[in-house]
Amino acid sequence: MAYETIIVEVEDHVATIKLNRPDALNALNSELLRELGTALAEADRNDKVRAIIITGSPKAFAAGADIKEMSEKSYVDMYMSDYFGPEGGAIVSTRKPIIAAVAGYALGGGCELAMMCDFIIAADTAKFGQPEINLGVIPGLGGTQRLTRFIGKSKAMDMVLTGRFMGAEEAERSGLVSRVVPAKSLLEEARSAAEKISEKSMISLLAAKEQVNNAYETTLAQGLLSERRAFHALFNTEDQNEGMSAFMEKRSAQFRDR
Ligand code: CO8
């Protein structure tokens, strides 16, 4: 499918979605988010794809929601269109693993998009921020909610109230990103993680993602029960048998998603 604002490449088992509005530092407009949702749904349906990477350019993952698109809108426009509500929902309903590979600016909606992915690999050039306060608004795609869960109240308040940016090192220290790598090897590192993921059983990948996400939605007791039941259920798969047999036979497992 041809897209205007993103570039999608599928190589081996990995779909890489590159945000592509270079003149606007990949600012997220309605078209880009719609295309991103379509590309993610397509990747979810494509049996060949086993992991997804979302990335931007060396200068910007995404510098936020498109301020030029939003600036003239009224409350009624925003409310009646549920601005970015369905688009955000489409991203988080993706079932396959998604890695955000972030270099340069990940601001406002850009930081929020990265947090909607399953984990973030950051280049040492990455700068995260929720600067909406400087525009007379607040984060609207999860910045007050997900960021607080990632880095805790004090740092989230600091970011959201001052609008300051956080470098890659601080982002890793604070738990926002899983690892920091040199900018020149960002895509290589993300691809290598995606390929490692691709070798696993898709059944256990989907179950693992569901259970980790469940940790944000439920009590500890319910989450532990849900995790244990999912663990039990995987004993009804051929891949569990293959994985454990391969361990005992000292060979690598050949999963078949059954
Ligand atoms: N929207 C639209 N255009 C943008 C954006 C943006 N967020 N960011 C940059 N651009 C454009 C600039 O206007 C400029 O275009 P032009 O050349 O036509 O003037 C081009 O990209 C290059 O930008 P700069 O010249 O500003 O580049 P610099 O290197 O000087 O500065 C910065 C880079 C620091 C990233 C700067 O561009 C900046 O501060 N950008 C805005 C950052 C920001 O405020 N982001 C938050 C936006 S609001 C938001 O994300 C809300 C999310 C929730 C929405 C969902 C609601 C439910």
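For the structure, check the block above.
Residues numbered from 1 in each chain as written. Predicted model: local features only at pLDDT ≥ 70, side-chain atom pairs only at ≥ 80, totals over all residues. Heavy atoms only, no water.

Q: Is there a simple way to think about the overall build of the protein chain in this case?
A: From N to C terminus, the protein chain includes 12 helices and 10 strands. Taking 18 Å as the expected radius of gyration for a compact globule of 258 residues, we find that the protein chain reaches 19 Å, a close match to that expectation. Summarising its shape, the C-alpha atoms of the protein chain cover approximately 60 × 45 × 40 Å along the three principal directions. Sequence-distant contacts, at least 24 apart, represent 67% of the contacts inside the protein chain between residues at least 6 apart. On the protein chain, roughly 13,900 Å² of surface is accessible, and the fraction owed to carbon and sulfur atoms is 55%. (Helix = DSSP H or I, 4+ residues; strand = E, 2+ residues; numbered from the N terminus. Rg over C-alpha atoms; globule rule 2.2 N^0.38 Å. Contact = heavy atoms within 4.5 Å. Areas by Shrake-Rupley, 256 points an atom, 1.4 Å probe, with all protein chains shown as cover.)

Q: I tried to follow the packing of helix H1 (residues 30-45) against helix H4 (residues 85-92) on my own but got confused; where do I start?
A: The axes of two packed helices give the description: the angle between them and the distance between them. Across the interface, H1 lies against H4 with an axial gap of 9 Å and an inter-helix angle of 25°. Judged by the angle between their axes, H1 and H4 are roughly parallel. For H1 against H4, the interelement crossing comes out left-handed. For the pair formed by H1 and H4, the contact residues are Leu33, Arg34, Leu36, Gly37 and Leu40 on the first element and Glu87, Ala90 and Ile91 on the second. In the contact of H1 with H4, the residues fall into 5 nonpolar, 1 polar and 2 charged. (Axes fitted to C-alpha atoms, helices over the stretch in contact; angles between N-to-C directions. Parallel < 35°, antiparallel > 145°, perpendicular 65-115°, else oblique. Left-handed = near helix turned anticlockwise from the far one by under 90°. Nonpolar A, V, L, I, M, F, W, Y, C, P; charged D, E, K, R; others polar.)

Q: Just checking my understanding: could you explain the site of the ligand for this structure?
A: As a structural note, the neighbourhood of the ligand is formed by 24 residues, with Lys59, Ala63, Ala65, Ile67 and Gly109 the closest of them. With respect to the ligand, the backbone of Ile67 contributes an N or O atom lying 2.9 Å from a nitrogen atom. Here the ligand has 1,100 Å² of accessible area as a free molecule, and 66% of this is covered by the chains. Counting only elements with at least two residues in the shell around the ligand, the list comes to helix H2 (67-70), strand E6 (105-107) and helix H5 (109-116). With 3 residues, the top contributor of residues to the shell around the ligand is H2. (Near = heavy atom within 4 Å. Polar contact = N/O pair within 3.5 Å; in protein donor to acceptor, adjacent residues only side chain to side chain.)

Q: When you look at the pairing of strand E7 (residues 119-123) in this model, what are you seeing that I'm missing?
A: Side chains on a regular strand alternate between the two faces of the sheet. Across the 5 residues that make up E7, a large majority, 4, are buried. Of the strand pairs in this sheet, strand E5 (residues 98-102) and E7 are connected by 4 bridges, and their pairing is parallel. What sits directly across from Val102, in E7, is Ala122. As defined by bridge partners, E7 adjoins strand E10 (residues 179-181) across 3 bridges and the pair is classed as parallel. Within E10, the position partnered with Ile121 by the bridge is Arg179. (Buried < 20%, exposed > 50% of the residue type's maximum accessible area, 1.4 Å probe, protein only. Pairing = 2+ DSSP bridges.)

Q: Can you help me understand the packing of aromatic side chains in this one?
A: Two aromatic rings are characterised by how far apart their centres lie and by the angle between their planes. Following the criterion strictly, the structure yields 4 aromatic pairs and no others. Ring centres of Tyr83 and Phe84 lie 4.1 Å apart, and the angle between their planes is 15°; this geometry places the pair in the stacked category. In this structure Phe84 comes out as buried when scored by relative accessible area, which is 6%. Seen from their ring centres, Tyr105 and Phe165 are 6.1 Å apart, and the 70° between their planes marks the pair as edge-to-face. Here the residue Tyr105 occupies a position in strand E6, and Phe165 occupies one in strand E9 (residues 165-167), the gap between them amounting to 60 residues. (Phe/Tyr/Trp six-rings, centres within 6.5 Å; stacked < 30°, edge-to-face > 60°.)

Q: Where do I start with the nonpolar core in this structure?
A: Grouped together as the largest cluster of nonpolar side chains are 46 residues, with contacts concentrated most on Phe61, Val102, Ile120, Phe128 and Leu176. Top contributing element to this core by residue count: H1, with 6 residues. Within the second largest apolar cluster, 17 residues are counted, among which are Ile53, Ala123, Leu186 and Met202. (Core = buried A, V, L, I, M, F, W, Y, C linked by side-chain atoms within 4.5 Å.)

Q: Help me understand the sheet that holds E6 in this model?
A: Sheet strands associate in pairs through backbone hydrogen bonding, adopting either a parallel or an antiparallel arrangement. Spatially, 4 strands are ordered E4-E6-E8-E9 in an open sheet, and the strand pairing comes out mixed. In this open sheet, the two edge strands, each paired with only one partner strand, are strand E4 (60-62) and E9. Ignoring strand direction, the axes of neighbouring strands in this sheet form an average angle of 20°. Strand direction decides the pairing type here: E6 and strand E8 (residues 127-129), joined by 3 bridges, are parallel.

Q: Explain the sheet that holds E10 to me, please; I cannot follow it from the model alone.
A: Taken together, 6 strands build an open sheet; the order of strands is E1-E2-E3-E5-E7-E10 and the sheet is mixed. Both edges of this open sheet fall to strand E1 (6-11) and E10, since each of them pairs with a single strand only. Averaged over all neighbouring strand pairs, the angle between strand axes comes to 20°, with direction disregarded. Bridge count for strand E3 (residues 51-55) against E5 is 4 bridges, and the pairing is parallel. Within E5, the residue paired with Ile53 across the bridge is Ile99.

These values are about where atoms sit, not about what they do.
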